[in-house]
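Summary of structural features
Below are the chains, spelled out letter by letter.
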Amino acid sequence: MLVEIENLSKSYKKQLALDNVNLSLPPGKIIGLLGPNGSGKTTLLKVLMGLLRQYSGNAKIKGLTVGESTKAFISYLPDKPHSLSFKTVQEACNFFADFFEDFSMEKAQLIANSLDIDMNARIKSLSKGNQEKVSLLLTLSRNAELYIFDEPIAGVDPVARDQVFNLILEHYHKEASVIIATHLIHDVERILDEAIFLKKGKIVLYKNVKEITSPGISLEDSFKEEFKC
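The structure contained in this document is the topic of the report that follows. Given the structure is predicted, the values throughout are model-derived calculations rather than measurements. (Residues numbered from 1 in each chain as written. Predicted model: local features only at pLDDT ≥ 70, side-chain atom pairs only at ≥ 80, totals over all residues. Heavy atoms only, no water.)

**What to know about the sheet that holds strand β6 (residues 74-77)**
Keep this limit in mind: One requirement defines pairing of two strands: DSSP has to find at least two bridges between them. Numbering of helices and strands runs from the N terminus; a helix is a DSSP stretch of H or I covering at least four residues, while a strand is a stretch of E covering at least two. Angles shown run from 0 to 180 degrees and are taken between the N-to-C directions of axes, each axis being a line fitted to C-alpha atoms and, for helices, limited to the stretch in contact. In this analysis, two residues are considered to be in contact whenever any of their non-hydrogen atoms come within 4.5 Å of each other.
Spatially, β6-β7-β8-β3-β9-β10 is the arrangement adopted by the 6 strands of the open sheet, whose pairing is mixed. Edge positions in the sheet fall to β6 and β10 (202-208), since each of these pairs with one other strand and no more. When strand polarity is set aside, the average angle formed by the axes of neighbouring strands in this sheet is 15 degrees. With 4 bridges joining them, β6 and strand β7 (residues 146-150) adopt parallel strand pairing. Opposite I74, over in β7, you have L146 as the bridge partner. Contacts between helix α4 (residues 128-140) and the sheet are confined to β6 and β7, with β6 contributing the most and set at about 175 degrees to the helix. Here helix α8 (residues 219-227) sits on the sheet in contact with β3 (30-34), β9 (194-199) and β10, set at roughly 20 degrees to β9.

As structure tokens, this is what we get:
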């Protein structure tokens, strides 16, 4: 398994964010981590990224306990753009190329062209939507083994959402797995192989999307039934 999580719990003061989570994720899948705001999605992703250390239980990637060594396997798109600390798009790409051995400058240029983004553009002068696209470019230009997207379309207009998902499908490393955390079920359903429903820090469902859906019943319908929303 690519990801193995055992008896994982995490609290913030007296608030339980993750409650005894057990999960095994294979390589080569696009997986939706689905739940309403406050369900524990971002906390789980931060554990996998090694950004949270104080928790009980175990989390492993490729058999290694999550930590500095596992960050090399993961390409992460946080819920807020991580490109704002750089002056230009090119500078951001140069930094990523120096820092990550699997970063492809050729792929970065290809994605920039498809997004109509000038590599010499000053990032802070770009619109919020284009800043988010630069972050997407940086994430997808790596040939990682696990891609993690935290609400990648939350700030994107409906027309651009299909473009974001098409880019993910086209450019992620096909032997890798992709985790997409979102509460926008309708938009993400078409690209998912598997779905995890997370409710109040607990996994209440993890199945292949074809097992959850049927003619006339969408993934969003199943989600609404589970969460009664």
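**A short note on helix α1 (residues 41-49)**
For clarity, the threshold we go by: Working definition: with a 1.4 Å probe on protein chains only, accessible area under 20% of the residue-type maximum means buried, over 50% means exposed, and in between means partly exposed.
Across the 9 residues of α1, 7 count as buried, placing the element largely inside the fold. Within α1, burial applies to K41, T43, L44, L45, V47, L48 and M49.

**Let's talk about the nonpolar core**
As a rule of thumb, nonpolar side chains are buried together in soluble globular proteins. For the record, the criterion: What we call a nonpolar core is a set of buried Ala, Val, Leu, Ile, Met, Phe, Trp, Tyr and Cys residues that are connected through their side-chain atoms within 4.5 Å.
Counting residues in hydrophobic clusters, the biggest one holds 49 residues, and the most contacted among them are L34, F149, I168 and I180. If you tally residues by element for this core, the top one is α4, at 5 residues. For I168, the contacting residues outside a window of four places in its chain are L136, L140, F149, V178 and I180. Counting 28 residues, the second-largest nonpolar core is a separate cluster that includes V3, M49, Y76 and I148.

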